[in-house]
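Single-letter residue listing:
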Amino acid sequence: MANVFQGEMDPEIAALLGTGAKAKPAESAVPDYSAIFDEPIEDIEPEEEVNLTSAGFPPVTKRFEEIPNPVFEDPNYYKIALSGEGEIAQRVHTLLQKFLNSKDPKDRGVYRQQFITAFWEFFIGIARKAPGKIAEPKRFLLRFGIIHPTFLDRENRSIFAKIVNDNVLNQPVYYLDEWFRAVGTGMIRPSTTDEVKISKTNQSVRIKQFLEKAQGKLDGTVQLLKAKDVERQDLEENLNKLIGHITEHFPVEGLPDVSACYNEGQKRIFGDIQEILRGLLKSDHDLEIFLRDYYQAEQDVKMLQVKMEEEGIETVDVKAVDTEFDTVRQMAKMTVGRQGNHFPILTSEYYHNAPPDLGYRENIISILAWIESIDPEAYCRSYKNRLNRIVPYVVLLPTYGDSGLCWEPFDKFNRATSRGRIAIPMYPKNLQAAMLYAVGDFRWQVAKEKASFYWMEEGITGNYYQWFQKMKIRGDVKEYFINDYITWITKESDGTQKLDKELRGIFWRHIPFSKAVKEKLKNRSTVYQELYQRDVNRSMSDGY
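Residues numbered from 1 in each chain as written. Predicted model: local features only at pLDDT ≥ 70, side-chain atom pairs only at ≥ 80, totals over all residues. Heavy atoms only, no water.

Colleague: Any chance you could break down the overall build of the protein for me, citing the residues and the numbers?
Modeller: A count of helical and extended segments in the protein gives 17 helices and eight strands. Relative to its 544 residues, the protein shows a buried fraction of 45%. Here the contacts in the protein between residues at least 6 apart in sequence split such that 76% fall between residues at least 24 apart. For the protein, the accessible area works out to roughly 29000 Å², and carbon and sulfur atoms hold 50% of it. (Helix = DSSP H or I, 4+ residues; strand = E, 2+ residues; numbered from the N terminus. Buried < 20%, exposed > 50% of the residue type's maximum accessible area, 1.4 Å probe, protein only. Contact = heavy atoms within 4.5 Å. Areas by Shrake-Rupley, 256 points an atom, 1.4 Å probe, with all protein chains shown as cover.)

Colleague: How would you summarise the pattern of salt bridges if you had to cite specific residues and measurements?
Modeller: Taken as a whole, this structure holds 34 salt bridges when the rule is applied. The salt bridge involving Glu85 is made with Lys129; its shortest N-O contact spans 3.3 Å. Separated by 44 residues along the polypeptide, Glu85 in the loop between helix 2 (77–82) and helix 3 (87–101) and Lys129 in helix 4 (residues 105–129) bring together distant segments of the chain. When its relative accessible area of 10% is taken as the criterion, Glu85 is described as buried. The salt bridge involving Lys138 is made with Glu85; its shortest N-O contact spans 2.8 Å. Residue Lys138 is located in helix 5 (residues 136–144), and its partner Glu85 is located in the loop between helix 2 and helix 3; the two are separated by 53 residues in the primary sequence. Considered together, Lys138 and Glu85 belong to a single accessibility category, that of buried residues. Look at the salt bridges and you will find they share partners, linking Arg143, Asp177, Glu178 and Arg361 into a network. (Salt bridge = Lys/Arg side-chain N within 4 Å of Asp/Glu carboxyl O.)

Colleague: Describe in detail unusual backbone geometry, supporting the description with residues and values.
Modeller: A positive phi angle, close to 55°, is found at Asn170, a residue other than glycine. Tracing the chain through its elements places Asn170 in the loop between helix 6 (154–162) and strand 1 (173–175). Of note, the phi angle at Ser452 is positive, near 55°, even though the residue is not glycine.

Colleague: With reference to specific residues and values, describe the packing of aromatic side chains.
Modeller: To describe a pair of aromatic rings, one takes the distance between the centres and the angle between the planes. Per the stated rule, a full pass over the model turns up 42 aromatic pairs. A centroid spacing of 5.0 Å and a plane angle of 45° characterise the contact between Phe64 and Tyr360, whose relative ring orientation is tilted. Taken together, the positions of Phe64 in the loop between helix 1 (11–17) and helix 2 and Tyr360 in the loop between helix 10 (320–336) and helix 11 (361–374) put the pair 296 residues apart, joining distant regions of the chain. Judged by relative accessible area, which is 29%, Phe64 ranks as partly exposed. Accessibility expressed as a relative area gives 2% for Tyr360, which makes it buried. (Phe/Tyr/Trp six-rings, centres within 6.5 Å; stacked < 30°, edge-to-face > 60°.)

What follows is the structure, given as structure tokens:
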């Protein structure tokens, strides 16, 4: 079967492996983490695959636990959080005491900055332990920035104590401890950083890069195969129903042994059946292509795994947490901004969020679903003429920032089905605004990366850029787009006309509202009625 669909090996991989190389499938070596971390790692379930047939988010029916977690009332919480972290923990403790007890504003400012610097050095030590079993105070320090529960008043402590711990909704939304754990155990690839040019003689690095590329292609083809198979099953199910309708006959009056002719409804079904048969042939053709790609990618992965074993290369980089930590720290700075509050721990002095603006997982999922109800293509990406819904990874940062951001629109090695990555501050003034900013950033970066060199000419980025230039606006074009996207979702979707007329037309075409929103708007004013009619006209032409 595999030989039937066998394609040609990537020439670069062939050159790396050597022509005529014979490879046998090999099991990937799993590093012994007990030698790296103080505690053995927990059994890790494989990361949930992207489900291309998923149509939306599950409803959030449970926001808080009925029984609060008693850890935040533990008098030893602070001691446990700092214990086992060496000299840096003592420095953090000393600077924190000086900051809290200082009366002079200048001294307090100096101690504050010294504490921030020391805390991040201390924080990375706990992050390195995240792939293993760590005490709850350390885990919640990573997750919420809570170093001492009494820094929060009793009411706020009770809220954090009731936040649901586990990802019961099974969505790609991660607290920071979960994220470091997933990256550190190799379940999620580390974030892309500025690449350093690799020497062609550095064989081990080249092999790992080729394996990552081949694995990305393999993962992508698997998801495409699954989605195409579901599509074919749906067509076959519809075909069976239609055949059932046309084979249902009633006897001719006076001739009980003779069936009546097809009625008008049954005759119309023949045309529908022809359309389905054409669809089945196309699906089968696509499946054949995807299978060919799958078998080739599978062979490439197996050969490269053998090559890695021969070279003695580990499949998981034990420094992944360190590199990811540097990325996360940079993201934290960006969510806060230059003029924002960079204090790294949670205290009542700075924390004033009501529950609706607290960035816990269930709140995040609800807002993601709300955005999608208005902008149904917010998390979609086109690949091989198919629009796939792929919700990005969302990493929750325990910062006082006010803007979320996208730092990776998709995996460069798997453009088909990989998730993008956005970061959300957990303690913003307005959580909805912070998330809209992140999704707007995500929208822009995905479109720009897909358009590549033509981003100023094609799609939403091209149309927006040309309008931007025409209006002679100065400034960061992406920043303006994000703000206009927020206006599009919060104002225009409700019928409040805030955007330029031409820009409204661009957004209507390239960032379309859901059908329900469009139906509502068409009766609000002639402006939206005109745009709605254009949709109708386009749908009746071949160019839509």
